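Per-entry structural report
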Amino acid sequence: MGQTHPRDVPDPAAVRETRPARRSARGSLQPPLQPSRRYEPPSWDAPRSLDTHRAAIYTALVVRTPRTETVPLTVALHRSLAEDAIADIALPPFDNSQMDGFAAASAHTPGRLPVAATIAAGHVPAPLAAGTAAPIMTGAPVPAGADTVVPVEDTDDARFDVTEVGLPASAPGRFVRPAGSDVAAGDTVLTAGTRLGAAALGALAALGRTEVAVRARPRVLVCTGGDEVVPPGQPLPAGRIYDANTALLHVVLTGLGAEVCATRLVADAPDAFLSGLRADLAAHDPDLVVTSGGISAGRFEVVRSALAAEPDVGFGSVAMQPGGPQGLGVLRGGTPIVCLPGNPVSTWVSAVLLLGPALAEVWGTTGSATRQARLETAVTPLAAKTQIRRGIRVPAAPDRVDVLPGTSSHLLAEAARAEVLVLVPPGPEPLPAGTAVEVVDL
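Residues numbered from 1 in each chain as written. Predicted model: local features only at pLDDT ≥ 70, side-chain atom pairs only at ≥ 80, totals over all residues. Heavy atoms only, no water.

With that out of the way, let us pick up the overall build of the chain. Helices and strands together make up the secondary structure of the chain, namely 7 helices and 27 strands. Relative to its length of 442 residues, the chain is extended, with a C-alpha radius of gyration of 30 Å against a globular reference of 22 Å. The C-alpha extent of the chain, read off along each of the three principal axes, is 95 × 60 × 45 Å. Counting contacts in the chain only where the partners sit at least 6 residues apart, residues at least 24 apart contribute 74% of the total. (Helix = DSSP H or I, 4+ residues; strand = E, 2+ residues; numbered from the N terminus. Rg over C-alpha atoms; globule rule 2.2 N^0.38 Å. Contact = heavy atoms within 4.5 Å.)

Next comes the structure, spelled out in structure tokens:
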């Protein structure tokens, strides 16, 4: 209990990070970062909607200036571009042939022309002599004096090994890819914030880049626990349970695009929690602290008790089930903290539905997007809370989902069957089969 576990970090030889200057602040809850803007905790007198709480998380996260780092293109898939990518060269950089065929002057077509030297891709050709045609391969530079390409299959002999070639009429520019037709030098190819897919990374490589500046992955310290929790792999005493939330949050956060820099399993002792948190802030300099458990209304709510003196950290509820109890704020000095409920399913759905979208907006990580689907069977909603039901897709009807029967926040094994989270809006009447609802694919 109370041990911290640092996580692997990327190879520093492959990653160059740009990070704000920091000052040491050992012995306090003030991490060494100057906040980028002042956090003003919003009022939390009544249960919040999911949208309101997501927005509140956003306001906490933005006090931390996102870092940038430069990484090789080959490891930048799905990362968020940190700055506009400007083309240093045109694409393509020269007029080139779209087809295997014959390059000629359009003014000399139709006609039968002497055949000049073959032009292969990767070689700079001599100017084309007037009244001749040159065999040309796809991607090869179109020579000066030529303005059209006739595919070899459209010539009289449909072959290259000839001394004269009969060409049909061919308009200027036909099967010629002009220089700059994709990108002109000086163009903005990709804008900051673009999520880098394979085509985007290919475009950067075509511009001669080998690496790219991206938003760094947010470094997250994860604190879970309680007196009842035992690390997996150890003997399980009577009255204790294994810690599921450390692994669960590690996987969720990593899947969202964050980096878990350390984890801590804490006991129900506020002073021990505070001393461990101070040590971890100093040792790991996280961009975000995520806690699980200890924030409800019981007698041993360690996180809530320990952070009671933090002026910019508050606790309340969100009108959702599971996942109602929530905590949020910014520790003195600038590190955001998001406090999630401790039941495993509550922790999981809170991280996916609340934290994920806010992280995506601030840090450019991978958020969870909602879509519309229709209920396969009727569902009875809660009167005043959005119920987060676990569901599965209907194989024969991709636009339909069926909810699993369990609703309790401890049913983690049943939740493991889920393929979607189904957001059932509050209301007084059952929702019949076929009702459109929001879902999040898992």
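Within this structure, the stated rule accounts for 1 aromatic pair. Between Phe 102 and Phe 160, the aromatic rings sit 5.4 Å apart at their centres with planes inclined by 35 degrees, giving tilted as the arrangement. Taken as a pair, Phe 102 in strand 6 (residues 101-104) and Phe 160 in the loop between strand 9 (148-151) and strand 10 (164-167) lie far apart in primary sequence, 58 residues in all. (Phe/Tyr/Trp six-rings, centres within 6.5 Å; stacked < 30°, edge-to-face > 60°.)

Turning our attention to the sheet that holds strand 9. What the 3 strands build is an open sheet, ordered 8-6-9; its pairing is antiparallel. The open sheet has two edge strands, strand 8 (134-136) and strand 9, and neither has a second partner. Going across the sheet, the axis of each strand differs from the next one's by a mean of 40 degrees, ignoring polarity. Where strand 6 meets strand 8, 3 bridges bridge the pair, whose relative direction is antiparallel. Bridging across to strand 8, Phe 102 finds its partner in Pro 135. (Pairing = 2+ DSSP bridges. Axes fitted to C-alpha atoms, helices over the stretch in contact; angles between N-to-C directions.)

A few words on helix 1 (residues 50-61). In this model helix 1 runs 16 Å from its N-terminal to its C-terminal C-alpha over 12 residues, within 8% of the 16 Å that 1.5 Å per residue would give. When we look at burial in helix 1, the residues that qualify are Leu 50, His 53, Ala 56, Ile 57, Ala 60 and Leu 61. Axial view of helix 1: buried residues confined to an arc of 140 degrees, hence all on one face. (Expected span 1.5 Å × (residues − 1). Buried < 20%, exposed > 50% of the residue type's maximum accessible area, 1.4 Å probe, protein only. Arc of directions from axis to C-beta.)

The next subject is unusual backbone geometry. The amide bond that connects Leu 91 to the next residue, Pro 92, takes the cis arrangement and shows omega of -10 degrees. Following the sequence through the fold, Pro 92 ends up in the loop between strand 4 (85-86) and strand 5 (96-97). Geometrically, the link from Thr 109 to Pro 110 is a cis peptide bond, its omega value of -5 degrees lying close to zero. Tracing the backbone shows Pro 110 in the loop between strand 6 and strand 7 (111-114). Notably, Ala 158 is not glycine yet its phi reads approximately 55 degrees, a positive angle. Here Ala 158 shows up in the loop between strand 9 and strand 10. For Phe 175, which is not glycine, the phi torsion reads 60 degrees and is therefore positive. Here Phe 175 lies in the loop between strand 10 and strand 11 (176-177).

Further remarks concern the nonpolar core. Counting residues in hydrophobic clusters, the biggest one holds 45 residues, and the most contacted among them are Leu 253 and Trp 348. Among the secondary structure elements, those contributing two or more residues to this core are helix 1, strand 14 (219-225), helix 3 (245-256), strand 18 (288-292), strand 21 (325-330), strand 22 (336-340), helix 6 (344-363) and strand 26 (420-424). The next biggest cluster of nonpolar side chains, apart from the first, holds 19 residues, and it includes Cys 223, Val 289, Leu 331 and Ile 337. (Core = buried A, V, L, I, M, F, W, Y, C linked by side-chain atoms within 4.5 Å.)

Turning to the side chain of Glu 69, a few remarks are in order. Tracing the backbone shows Glu 69 in strand 3 (residues 68-72). Look at Glu 69 and you get buried, because its relative accessible area is 8%. At 2.6 Å, the side chain of Glu 69 and the side chain of Arg 79 are in polar contact. (Polar contact = N/O pair within 3.5 Å; in protein donor to acceptor, adjacent residues only side chain to side chain.)

Now for helix 2 (residues 198-206). Turning to helix 2, its buried residues number three or more, namely Ala 200, Leu 201 and Leu 204. Seen end-on, helix 2 carries its buried residues on one side only, within an arc spanning 95 degrees. The exposed set on the far side of helix 2, more than 90 degrees from its buried face, consists of Ala 198 and Ala 199. Once helix 2 finishes, Gly 208 follows within two positions and takes phi at roughly 95 degrees, a positive value.

This part takes up the packing of helix 1 against helix 6. For the pair helix 1 and helix 6, interaxial distance at closest approach is 9 Å and the crossing angle is 45 degrees. By the angle class used here, helix 1 and helix 6 are oblique. The chirality of how helix 1 crosses helix 6 is right-handed. Contacts between helix 1 and helix 6 pair Leu 50, His 53, Arg 54, Ile 57, Tyr 58 and Leu 61 from the former with Leu 353, Leu 354, Leu 355, Pro 357, Ala 358, Leu 359, Glu 361 and Val 362 from the latter. For the contact of helix 1 with helix 6, the class distribution of residues is 11 nonpolar, 1 polar and 2 charged. (Parallel < 35°, antiparallel > 145°, perpendicular 65-115°, else oblique. Left-handed = near helix turned anticlockwise from the far one by under 90°. Nonpolar A, V, L, I, M, F, W, Y, C, P; charged D, E, K, R; others polar.)

This brings us to the packing of helix 3 against helix 6. Across the interface, helix 3 lies against helix 6 with an axial gap of 10 Å and an inter-helix angle of 20 degrees. In terms of their interaxial angle, helix 3 and helix 6 are classed as roughly parallel. In terms of crossing hand, the pair formed by helix 3 and helix 6 is right-handed. Residues Asn 245, Leu 248, Leu 249, Val 252, Leu 253 and Leu 256 of helix 3 pack against Pro 344, Thr 347, Trp 348, Ala 351, Val 352, Leu 355, Gly 356 and Leu 359 of helix 6. Partitioned by chemical class, the residues of the contact of helix 3 with helix 6 number 11 nonpolar, 3 polar and no charged.

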